[in-house]
Amino acid sequence: MNYIGNFQEKIPAGLVDCILKNQGIKTPVYQPEKWVGHEKIESALQKVEQAGYDKLDRNFYQFTEDTPCMQPFIGDLQWVYEFVDNYKQCHWWIVKYNSGDMQPMHIDPHVIKEPKVIRFTLMLTDYIDGHVFVYNNNKFLKDYKAGDLFRWGDSNNYHGATNVSHIPRISLQVSFIL
Amino acid sequence: MKYIGNCKEWIKQEWLDRILSTTGDICPIHQPENQIGDHKKQIELYKNFVTAGWQEKDFVVNMYTQGISKDILDLDITIPPLIPVEGKNYHWWFVKMNPGQVTHWHFDPHTVKHTTAVRYWMAIQDYEPGHVFIWENGGFLDDYKAGDIYSFDFADLYHSVLNLSMIPKVSFQMTVHEFGDEVIKPKFYNLNS
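Residues numbered from 1 in each chain as written. Chains lettered and ligands numbered in written order. Predicted model: local features only at pLDDT ≥ 70, side-chain atom pairs only at ≥ 80, totals over all residues.

*Asks:* How should the interface of chain A and chain B be read in this particular structure?
*Replies:* In many analyses, interface size is given as the accessible surface area lost on bringing the parts together. Counting residues at the interface gives 27 residues for chain A, matched by 29 residues for chain B. Sorting the residues of the side of chain A that touches chain B by element identifies helix H2 (39-51), strand S5 (102-106), strand S7 (131-135) and strand S10 (159-163) of chain A as the ones contributing at least two each. Split into classes, the residues belonging to the side of chain A that touches chain B amount to eleven nonpolar, eleven polar and five charged. (Contact = placed C-beta atoms within 7 Å. Helix = DSSP H or I, 4+ residues; strand = E, 2+ residues; numbered from the N terminus. Nonpolar A, V, L, I, M, F, W, Y, C, P; charged D, E, K, R; others polar.)

*Asks:* Explain the sheet that holds strand S1 (residues 2-6) of chain A to me, please; I cannot follow it from the model alone.
*Replies:* Residue and element names in this part refer to chain A. With antiparallel pairing, the seven strands of this open sheet are ordered in space as S1-S9-S6-S11-S4-S3-S2. What marks the edges here is a single partner per strand, and that holds for S1 and strand S2 (25-28). The sheet shows a mean angle of 30° between the axes of neighbouring strands, taken without regard to direction. Pairing between S2 and strand S3 (residues 59-63): four bridges, direction antiparallel. Counterpart to Thr27 in the pairing with S3 is Phe60. (Pairing = 2+ DSSP bridges. Axes fitted to C-alpha atoms, helices over the stretch in contact; angles between N-to-C directions.)

*Asks:* Any chance you could explain the environment of Lys116(A) here in plain terms?
*Replies:* Residues and elements named next belong to chain A. Its location among the elements puts Lys116 in the loop between helix H3 (109-113) and strand S6 (117-123). By C-beta crowding, Lys116 is classed as exposed, having 11 other C-beta atoms within 10 Å. The sequence separation of Lys116 and Leu149 amounts to 33 residues, and the corresponding C-alpha distance is 20 Å. (Buried ≥ 20, exposed ≤ 12 C-beta atoms within 10 Å, placed from the backbone.)

*Asks:* When you look at helix H3 (residues 40-51) of chain B in this model, what are you seeing that I'm missing?
*Replies:* Since the α-helix turns once every 3.6 residues, residues separated by three or four places project in the same direction. Residues and elements named next belong to chain B. Taking 1.5 Å as the rise per residue, H3 with twelve residues should run 16 Å; its terminal C-alpha atoms sit 17 Å apart, in good agreement. Leu45, Tyr46 and Phe49 are the residues of H3 that are buried. Taken end-on, H3 shows its buried residues confined to a sector of 90°, consistent with a single buried face. Exposed side of H3, more than 90 degrees from the buried face: Lys40, Glu44, Lys47 and Thr51 are the residues found there. Immediately downstream of H3, the backbone of Gly53 shows phi near 105°, a positive value. (Expected span 1.5 Å × (residues − 1). Arc of directions from axis to C-beta.)

*Asks:* How should the environment of Asp108(B) be read in this particular structure?
*Replies:* All names here are of chain B. Locating Asp108 in the fold gives a position in the loop between strand S4 (89-97) and helix H4 (110-113). With 19 C-beta atoms counted inside 10 Å, the residue Asp108 sits in the partly exposed group. Between the alpha carbons of Asp108 and Asp156 there is a distance of 6.1 Å; along the sequence they are 48 residues apart. Apart from residues no more than four positions distant in its own chain, Asp108 is found in contact with Arg119 and Asp156.

*Asks:* Mind showing me how you'd approach the sheet that holds S10(A) here?
*Replies:* Each strand in a sheet pairs with another by means of backbone hydrogen bonds, the pair being arranged parallel or else antiparallel. Residue and element names in this part refer to chain A. As summarised here, the arrangement of the four strands in space is S5-S10-S7-S8, forming an open sheet in which the pairing is antiparallel. Whereas interior strands pair on both sides, the edge strands pair on one side only; in this sheet they are S5 and strand S8 (139-140). Looking at chain direction, S5 and S10 are connected through three bridges and run antiparallel. Following the sheet pairing, His106 is matched in S10 by His159.

*Asks:* Just to check I follow, could you spell out the environment of Gln101(B) for this structure?
*Replies:* All names here are of chain B. Note that Gln101 resides in the loop between S4 and H4. Separated by 68 residues in sequence, Gln101 and Lys169 place their C-alpha atoms 9.6 Å apart. Not counting chain neighbours up to four residues away, the residues in contact with Gln101 comprise Val61, Leu162 and Asn163.

*Asks:* Got a minute to help me understand unusual backbone geometry in this structure?
*Replies:* Comment: phi is negative for the bulk of residues other than glycine, and the bulk of peptide bonds are trans. Residue and element names in this part refer to chain A. The residue Asn136 is not glycine, and still its phi comes out positive at about 55°. Topologically, Asn136 is positioned in the loop between S7 and S8. Positioned with a positive phi, Asn137 is a non-glycine residue whose angle comes to about 75°. Tracing the sequence through the fold places Asn137 in the loop between S7 and S8.

*Asks:* Where do I start with H2(A) in this structure?
*Replies:* All names here are of chain A. The terminal C-alpha atoms of H2 lie 19 Å apart, and with 13 residues this matches the ideal 18 Å at 1.5 Å per residue to within 8%. Ala44, Leu45, Val48 and Ala51 are the residues of H2 that are buried. Down the axis, H2 shows its buried residues gathered within 125° of arc, on one side only. Across from the buried face of H2, at angles greater than 90 degrees, the exposed residues are Glu39, Ser43, Gln46 and Gln50. If you follow the buried residues of H2, they end up packed against S5.

Listed below in structure tokens is the structure:
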């Protein structure tokens, strides 16, 4: 994860409060209907099933451009489309991990399906002990501040996240398909 | 976490096979009868997690405790040679975290009650991406090898262990303390029984 800079002043006022007050889209860690259409993705799904994640009631929460409570913020988030020039497609989504939520180690399916993707993560909450993001086999992201922007070194990075603190962990993800 | 050394030769494959093929004692992290009553920090910590929605049955570890856990009672498990126990009392336990198991941020209550406690952690397997051991102020243990032993910076260090990988995570835990500083837990929590 390559640090780009801090953009806290560009985070729309009220965005984080809105995410904390609304549930968002409940997203289970096991999504067989989504993990299809590519050999690598289906192989990953098999491993997830073998490990037993299909039997766990574990989730995380997402907010997208289509989420009703996000509508007042859409205009003020247009700046995230300017991270990269000359892309075919771009989308952002916000991920909230409440206490105990998780995503096991994985590569995002949309990244596997596309030949070239550039990814960014904008932290919306300060790091605290118990906020976990592991990547690149043995790296652990810590000591960041709300507004810190990171560019992924490799969009196909195997990564996972969880929250074992009692305070929600929120970040905004952006993918550019070239 | 301070690295002590490696004693991989101490680990018997039979022990690991037994732990991987059995359930052990399913112990919740939230153990109110053991964790409240004498320490304000513990009370506040658990109030926060209960308020945040943690439930006892959802957040457990599979434990294999010295002299207690039936699944390992017949095994001749000795003490790792690098852990100094001469003239001291001790107790040990293995922890298995299946994929998806997480513990919330905590410290081990017995290490507060043992005023002379020294806590040790030992890897039983090589590091696997998604096998996470973290401790306060951003500590993260990576790239360890089976047999690596660490001592906690101090006994009641805040920490958490979790498994986001596709294979179980097994570690060995030990607390060493002076004689006369024994602690008897009011209750042994086992959701199996």
